[in-house]
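# Commentary on secondary and tertiary structure
Here are the chains, one letter per residue:
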Amino acid sequence: MHYQVDSWGYYMPARSMGSDPMERVAKLASESAVVIFSLSSCCMCHAVKRLFCGLGVNPTVYELDQDPRGKDMETALMRLLGNSQAVPVVFIGGKLIGAMDRVMASHINGTLVPLLKEAGALWL
Amino acid sequence: MNSPSTEFTRRMAIYEQFNQISRLGDAFNCGDSPNTGSSAIVEVDVGLENKAGYISCDQVEPSRSDQETNKPDDKTQRRLAQNREAARKSRIRKKAYVQELESSRLKLAQLEQELERTRQQGIYISSASDSGYFGLSGTVNPGISAFELEYGHWVEVQDKQTCELRNALQAHTTDIELQILVESGLNHYCNLFRIKAEAAKADVFYLNSGLWRTSAERFFHWIGGFRPSELLNVVMLHIEPLTDQQQLEVCHLRQSAQQAEDALSQGIDKLQHNLAQNVASDFSWGNYRAQMAVATDILEALEGFVNQADHLREQTLLQMVRVLTTHQAARALLALGEYFHRLRALSSLWAAHPR
């Protein structure tokens, strides 16, 4: 697992500084095979991270409380999920998987591992 | 012969007499209750033959001492009367209190009987001596009372369904009928998770503690209920024979359930760790507001974990039934129902066992 503190914001041209937080989420989500948006204080986020590590996956984690634009992204994710809980949220291969319950349901019904393999996060 | 001076002196003497009498009268009348009728009325002979200014002490003294002995009598009598009244009222109050105590004793005996009866039905309701639910809080949470009633009813229906499954399998009924039983069995588990979600909103610590389950079930307790992996271990013994494909799928299911369980366990451990850190540190424990923030966060987080654990249980059950044939699924649900029934029976045995 590696933590990404996105410092691109300081080097990107001015137009992307005011970019839509949802766009930023989508951009970050497409940059790695497995992306987790998290809060460092959240224990459910810790659980989802442990789940992926237990599977042998190396997810990219964005801690929104350590990101200068994290608050906006949190709000955007809340709206996306239609939930009061913004995190944890998991993207695999740039596609939204969902919050903890969706991740666990897909693991139990056997669809998670094929998705991970497809995204290149897992090798047999 | 009456000289003018003698006349004047005589008049002054009479005036003096009257003054004295009126002063005495005042002394009799001031502040006293009308009960002084027994006092003698002073009769003063105002005859001119009397020596001027002289009022017979003999006449006055007896009446004054009369008044003094009468005064204590009046006050004492009054006090005694008041005492009698107070004593009477006190006796009435005592009688009422004793009656209240008697009826409370009866009610307590009735409640204890009811408690014993429900205990024997395998539903555990904690008692104060167990430092259980009512002992700790001292008040009753209506959400939890509702849950306990609903759960008791859930267990009854569960046992009934288990019997139906047993009879159906023994009678070799059709797959269609078995399918109906399997589906109602699954629905029943979903109902359980639904009422648990409501209870989690009322008191998540109560749900997480497992006080609502019997002692044997609590031995295996994991985040508010049974372990999904435990469920599969129980079922494994009863679903043979499996095809190769099924073997693979069941194996994967066991593995993923175990992995999900481990992830949630680690999440809960982190929650415990965070809470301990908060409580131990003076900095973050600080003021009332900080404490409230910690308390609220923990409650919300724990509710999240209990809900996720129930979600995992539900998904594991559904996937298990998906992987199995109808007949196998029926046998699996029967095995589960009997397993929990036996655990509850074991708890009743222990509860009734004299030590």
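Cut-offs and rules
- Counting restarts for each chain: residues are numbered from 1 in the order of the written sequence.
- Each chain takes a letter, starting from A, and each ligand takes a number, starting from 1, following the order in which they are written.
- Predicted model: local features are reported for residues with pLDDT of at least 70 only, side-chain atom pairs are reported and counted for 80 or more only, and whole-chain, interface and lining totals are derived from all residues.
- The side-chain quantities take in all heavy atoms of the structure and omit both hydrogens and water.
- UniProt positions are given in the numbering used here, feature names are shortened, and annotations may be inferred rather than shown by experiment.
- Where helices and strands are cited, they refer to DSSP runs of H or I of at least four residues and of E of at least two residues respectively, numbered from the N terminus.
- Burial here depends on accessible area, computed with a 1.4 Å probe over protein chains only, as a share of the maximum for the residue type. Under 20% is buried, over 50% is exposed, and the range in between is partly exposed.
- One speaks of a salt bridge when a side-chain nitrogen belonging to Lys or Arg is within 4 Å of a carboxyl oxygen belonging to Asp or Glu.
- Strand pairing is assigned whenever DSSP identifies at least 2 bridges connecting the two strands.
- Only protein atoms enter the calculation, which uses a 1 Å grid: trapped sets of points that fit a 1.4 Å probe without letting it out are cavities, open sets showing protein on both sides within 12 Å along at least five of seven lines are pockets, and any residue with an atom within 4 Å of a point is a lining residue.
- Grid points are joined across faces, edges and corners, and a volume is the space filled by probe spheres set on the points.
- By the convention used here, residues are in contact when the closest approach between their heavy atoms is within 4.5 Å.
- Once two parts are put together, the accessible area they lose, assessed with a 1.4 Å probe and summed over both, is termed the buried area.
- Polar contacts here mean pairs of N or O atoms no more than 3.5 Å apart (in protein, one a potential hydrogen donor and the other a potential acceptor; neighbouring residues in sequence count only if both atoms are side-chain atoms).
- Each residue gets one of three labels, nonpolar for Ala, Val, Leu, Ile, Met, Phe, Trp, Tyr, Cys and Pro, charged for Asp, Glu, Lys and Arg, and polar for the others, Gly among them.

As annotated in an unreviewed UniProt entry, chain B is Transcription factor TGA3-like from Hibiscus sabdariffa. Under the UniProt heading Subcellular location (unreviewed entry), the note attached to chain B is "Nucleus".

If you look chain A up in an unreviewed UniProt entry, it shows as Glutaredoxin domain-containing protein from Hibiscus sabdariffa. The annotation that UniProt attaches to chain A under Sequence similarities (unreviewed entry) is "Belongs to the glutaredoxin family. CC-type subfamily." The UniProt entry for chain A carries the following comment under Subcellular location (unreviewed entry): "Cytoplasm".

Right, let's get into the overall build of chain B. Across its full length, chain B holds 12 helices and 0 strands. For chain B, the succession of helices and strands along the chain, N to C, is α-α-α-α-α-α-α-α-α-α-α-α. Among the 355 residues that make up chain B, the fraction classed as buried is 34%.

Take the pattern of salt bridges next. Residues and elements named next belong to chain B. Under the definition given, this model contains 14 salt bridges over all chains. Ionic pairing is found between lysine 196 and aspartate 310, a salt bridge with its closest N-O pair at 2.8 Å. Within this pair, whereas lysine 196 is found in helix H5 (residues 175-202), its partner aspartate 310 is found in helix H11 (residues 288-323), the two being separated by 114 residues in sequence. Glutamate 338 serves as the salt-bridge partner of arginine 342, at 3.5 Å between the closest nitrogen and oxygen. In this pair, arginine 342 and glutamate 338 are both assigned in helix H12 (residues 326-352), 4 residues apart and thus about one turn of the helix distant. Taken together, the shared-partner salt bridges in this structure form one network comprising Asp159, Arg213, Glu217 and Arg344.

Residue and element names in this part refer to chain A. Sheet topology note: the strand S4 (residues 89-92)/strand S5 (residues 95-98) ladder contains 3 bridges and is antiparallel. Bridging from a neighbouring strand, phenylalanine 91 pairs with leucine 96 of S5. From the end of S4 to the start of S5, which pair antiparallel, there are 2 residues, and glycine 93 there has a positive phi angle of about 60°.

The subject of this paragraph is the sheet that holds strand S1 (residues 2-3) of chain A. Residues and elements named next belong to chain A. Here 5 strands make up an open sheet; going across it, the order is S1-S3-S2-S4-S5 and the pairing mixed. In this open sheet, the two strands that pair with only one neighbour each are S1 and S5. Looking at chain direction, S1 and strand S3 (residues 60-63) are connected through 2 bridges and run parallel. Paired with histidine 2 across the two strands is threonine 60, which belongs to S3.

In this model, the largest pocket occupies a volume close to 1,000 Å³. Around the largest pocket sit 35 residues that line it, and Met44(A), Gln85(A), Glu300(B), Ala301(B) and Gly304(B) are the ones nearest its centre. Going through the elements one at a time, helix H3 (43-55), helix H4 (70-81) and helix H5 (100-108) of chain A together with H5, helix H9 (244-280) and H11 of chain B are the ones with two or more residues in the lining of the largest pocket. When residues in the lining of the largest pocket are grouped by element, the largest group, 14 residues, is from H11(B).

Here the focus is the interface of chain A and chain B. Accessible area lost when the parts come together is the quantity often used to give the size of an interface. On the side of chain B, 21 residues touch chain A, which itself brings 17 residues to the contact. Contact between chain A and chain B buries roughly 1,600 Å² in total, counting both sides, with carbon and sulfur atoms accounting for 69%. On the chain A side of the interface with chain B, the three residues burying the most area are Cys43(A), Met104(A) and Ile108(A), jointly 39% of the side's total. At the surface where chain A touches chain B, the tally comes to 0 salt bridges. Counting across the chain A and chain B interface gives 3 residue pairs in polar contact (both at pLDDT 80 or more). Secondary structure elements with two or more residues in the side of chain A that touches chain B: H3 and H5 of chain A. For the side of chain A that touches chain B, a count of residues per class yields 9 nonpolar, 6 polar and 2 charged.

This part is about empty space enclosed by the protein. Vacant regions in the atomic arrangement are exposed by a probe of water-molecule size rolled over the atoms. Residue and element names in this part refer to chain B. Evaluation of the coordinates by the stated rule reveals 3 cavities of 30 Å³ or more. Here the largest cavity defines a volume of roughly 120 Å³. In terms of lining, the largest cavity is formed by 13 residues, of which the most central are Tyr151, Trp154, Leu192, Arg213 and Phe226. Mapped onto the lining of the largest cavity, the elements with two or more residues apiece are helix H4 (142-170), H5 and H12. Residues of the lining of the largest cavity, tallied by class, amount to 7 nonpolar, 2 polar and 4 charged. The computed volume of the second largest cavity comes to approximately 90 Å³. If you list the elements that add at least two residues to the lining of the second largest cavity, you get H4, H5 and H12. No other element matches the 5 residues that H4 contributes to the lining of the second largest cavity. Taken together, the residues that form the lining of the second largest cavity break down as 5 nonpolar, 6 polar and 1 charged.

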